[in-house]
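Inside the fold
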Amino acid sequence: MQKWFEEAKLGIFIHYGIYAVDGVSESWSFYNGRITYDEYMKQLDGFTASKFNAEKWADLIEKSGARYAVLTTKHHDGVALWDTQYSDLNVVKRTPANRDIVREYAEAIREKGIHLGMYFSLIDWSHPDYPSVFEGGRVPEDLSGVNPHTSPVDGVQDQEKWQKFLEFNNNQLREILTNYGKVDLLWFDGDWERSAEQWNLPEFKHYLQSFNPDIIINSRLQGHGDYKTPEQGIPITRPEGPWEFCTTINTSWGYVPTDQKYKSLNQIIRMFCDCISMGGNMLLDIGPREDGTIDPRQEDILLGLGDWIRTHEEAVFGTGEGIMTRYYLGGSTISEDRKTLYLFVYDDPKENVCIKGLCNPIKKITVLHSGKELEHEIHGGVPWFNIPGTTWIKMTPEDTHEQVTVLKLEFDEELEMYGGSGAVVTHN
């Protein structure tokens, strides 16, 4: 696993495509029969990207504090955002936009020194060879529920067609991985419709690594990915290994103008703190309008998140996952040398913030955004058995940040927390 990914903390996801023309759900709207396939594809005629400015996107992403970005190069609808030579179904050949969105995005992102990520749907509900087999080769007894975009409605599988589709996917991915400079991360989607064997894994992964041995691939590769990608529901307990939580700003991935259910900036910051407290990243999604502009509400969230991150940068970057919530009822991170603990205070305290099980004497406590030093006292504990007391940090609403407050606790030695059985343990 590349170190940059585990240190990145924040990425920005971009769902951009023809679905923004009518503001419908990306690909799923025709798959689920909410509109017809032909109605969905009529959006090709309205996709102009007339105000698309990749530099503006990259500038916003940089200001958000993100260290990587991921663009939907092709969703399940099969519409490519680049000038692919293997299908006419792309925004260069089939829309008024007539421009290679992927190229402009890649150049602008790289110019800012942001790690370059590409989303690619493994499934393609527009490709004639795609609905040629069933998942795992298992033909259902009842064919009445078979979706024509996914599998053969007559129940007759065609392996030759399926191999042709895999070759098509390989060709498009080669374009993405060779035509736009070095791609740092591939974000797959849609692996669930076929088995690992049908996706030709692990050979398929080796093929991708042949273009860049350092490429990072998300978990949606039938168990052959490099990190986990829980979606929308923030994990309750830390996923094993490297991970990233992907989520939307409102409830939609693409631009849906009727979706007014926005998360507040405070909620987004808290979710971000929860992710980094558990050693993960957050991949926060924006859905640009068809003309390439971004809804001011989404822009404001990104700028507000970036302001908070810049103010509290030392608690975010160069830190690892924090202490368990049994010690502190909130999020936290720990500096690389493990001599500084950062506590995230989500709400306004009445008079104290409480931390249990802390074995280290505290050298100094400061409010990170203001530099104000705070007093603390320790109650209880059984020193002759090395059982620490409870640390009460004196803090009132006047000391808080308007979003999430960070307290910086400094120690002379590496942080040690009480294990609860007489033993001292450090939390990794």
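Residues numbered from 1 in each chain as written. Predicted model: local features only at pLDDT ≥ 70, side-chain atom pairs only at ≥ 80, totals over all residues. Heavy atoms only, no water.

Worth spelling out the cut-off: UniProt positions are given in the numbering used here, feature names are shortened, and annotations may be inferred rather than shown by experiment.
For the protein chain, an unreviewed UniProt entry supplies the name alpha-L-fucosidase and the organism Paenibacillus lautus. Note on the protein chain: under the UniProt heading Sequence similarities (unreviewed entry), the record states "Belongs to the glycosyl hydrolase 29 family."

A short note on the overall build of the protein chain
We apply this condition: Each helix is a run of H or I in the DSSP string that is no shorter than four residues. Each strand is a run of E no shorter than two, and both are numbered from the N terminus. Radius of gyration: C-alpha atoms only; globule rule: 2.2 Å multiplied by the number of residues to the exponent 0.38. Classification of residues uses two cut-offs on accessible area relative to the type maximum, computed with a 1.4 Å probe and protein chains only: under 20% is buried, over 50% is exposed, and between them is partly exposed. The criterion used for residue contact is that any of the two residues' heavy atoms lie within 4.5 Å. Using a 1.4 Å probe, the Shrake-Rupley method yields the accessible areas, and only the shown protein chains count as cover for residues. When charges are counted, Lys and Arg are positive and Asp and Glu negative, with His and the chain ends excluded. Throughout, a charge is located at the NZ atom of Lys, the CZ atom of Arg, the CG atom of Asp or the CD atom of Glu.
Within the protein chain one finds 12 helices and 17 strands. In terms of overall dimensions, the protein chain is globule-like: its C-alpha atoms have a radius of gyration of 24 Å, near the 22 Å expected for 428 residues. The C-alpha extent of the protein chain, read off along each of the three principal axes, is 75 × 45 × 40 Å. Looking at the protein chain as a whole, 55% of its 428 residues qualify as buried. Taking the contacts inside the protein chain whose residues are at least 6 apart along the sequence as the reference set, 70% of them involve residues at least 24 apart. Surface summary for the protein chain: the accessible area is close to 18400 Å², and the carbon and sulfur share equals 47%. Within the protein chain, the 66 negative side-chain charges are centred at a point lying 2 Å from the centre of the 41 positive side-chain charges.

Details of the pattern of salt bridges
Under the convention used in this document: For this analysis, a salt bridge means a side-chain nitrogen from Lys or Arg found within 4 Å of a carboxyl oxygen belonging to Asp or Glu.
In the structure shown here, the tally under the stated rule is 21 salt bridges. We note a salt bridge from Glu7 to Lys3, for which the minimum N-O separation is 2.7 Å. A residue pair is termed a helical-turn pair when its members lie 3 or 4 positions apart in one helix, as Glu7 and Lys3 do in helix α1 (residues 3-8) at four residues. Among the residues examined, Lys3 registers a relative accessible area of 55% and is labelled exposed. Two residues, Arg297 and Asp295, come together in a salt bridge whose shortest N-O distance is 3.0 Å. Residue classification places Arg297 among the partly exposed positions, given a relative accessible area of 34%. Look at Asp295 and you get buried, because its relative accessible area is 5%.

Digging into the UniProt feature "site: May be important for catalysis" (unreviewed entry) in the protein chain
Here, the residues flagged by UniProt with the feature "site: May be important for catalysis" (unreviewed entry) are Cys246. Structurally, Cys246 is set in strand β6 (residues 244-248). Cys246 gets classed as buried once you look at its relative accessible area, which sits at 0%. Among all residues touching Cys246, those that are not within four sequence positions of it are Phe13, Trp187, Arg220, Thr229, Pro230, Glu231, Gln232, Trp253 and Leu283.

Considerations on the sheet that holds β6
Counted only if it meets this: Being paired, for any two strands, means DSSP has found at least two bridges between them. Note on method: axes are straight lines fitted to C-alpha atoms, helices fitted across the in-contact stretch only, with angles between N-to-C directions ranging 0 to 180 degrees.
One open sheet holds the seven strands; their spatial order is β5-β4-β3-β2-β1-β7-β6, and the pairing between them is parallel. This sheet does not close on itself; its edge strands, each paired only once, are β5 (216-217) and β6. In this sheet, strand β4 (residues 185-189) lies alongside strand β3 (residues 115-121) in parallel orientation, the contact comprising five bridges. Across the sheet, Phe120 pairs through a bridge with Phe188, a residue of β4. Running over the sheet, helix α7 (residues 101-111) touches β1 (10-14), β2 (68-74) and β3 and is turned about 155° from β3.

Considerations on helix α10 (residues 265-277)
What counts is decided by this rule: Multiply 1.5 Å by the residue count of a helix minus one, and that product is the helix's expected span.
The terminal C-alpha atoms of α10 lie 18 Å apart, and with 13 residues this matches the ideal 18 Å at 1.5 Å per residue to within 8%. Buried residues of α10: Ile268, Ile269, Met271, Phe272, Cys273, Cys275, Ile276 and Ser277, and no others. Remark: Gly279 follows α10 within two positions and exhibits a positive phi of approximately 75°.

Overview of the packing of α10 against helix α11 (residues 296-311)
Filter applied, for reference: Orientation labels follow simple angle bins: below 35 degrees gives roughly parallel, above 145 gives roughly antiparallel, 65 to 115 gives roughly perpendicular, and whatever is left gives oblique. A crossing counts as left-handed when the near helix is turned anticlockwise from the far one by less than a right angle, and as right-handed when that turn is clockwise. Gly counts as polar in this scheme, as do all residues outside two lists: the nonpolar Ala, Val, Leu, Ile, Met, Phe, Trp, Tyr, Cys and Pro, and the charged Asp, Glu, Lys and Arg.
It is the contact of α10 with α11, at a shortest axis distance of 10 Å, that shows an interaxial angle of 50°. As the angle between them shows, α10 and α11 are arranged oblique. Handedness of the crossing formed by α10 with α11: right-handed. Contacts from Leu265, Ile268, Ile269, Phe272 and Cys273 in α10 reach Ile301, Gly304, Leu305, Trp308 and Ile309 in α11. Considering only residue class, the contact of α10 with α11 consists of nine nonpolar, one polar and no charged.

Digging into the UniProt feature "domain: Glycoside hydrolase family 29 N-terminal" (unreviewed entry) in the protein chain
Sequence positions flagged by UniProt for "domain: Glycoside hydrolase family 29 N-terminal" (unreviewed entry) are, in local numbering, residues 2-313. Between the C-alpha atoms that bound residues 2-313 the distance is 21 Å, and the span itself is 32% helix and 12% strand.

Quick word on the domain arrangement of the protein chain
Spelled out, the test is: Throughout the structure description, domain borders are defined by an automatic or database domain assignment. Buried area is calculated as the accessible area (1.4 Å probe) missing from two parts once they are joined, with the contributions of both summed.
If you check the domain split of the protein chain, you get domain 1 (3-315) and domain 2 (322-411). Domain 1 and domain 2 are separated by 39 Å when their C-alpha centres are compared. The partner domain 2 presents 16 residues to the 14 residues of domain 1 that form the contact. Each partner contributes to the roughly 1400 Å² buried at the junction of domain 1 and domain 2, and carbon and sulfur atoms together form 54% of this total. Linking domain 1 with domain 2 are two salt bridges, by the criterion used here. Note that Asp347 and Arg270 form a salt bridge whose closest N and O atoms lie 3.5 Å from each other.

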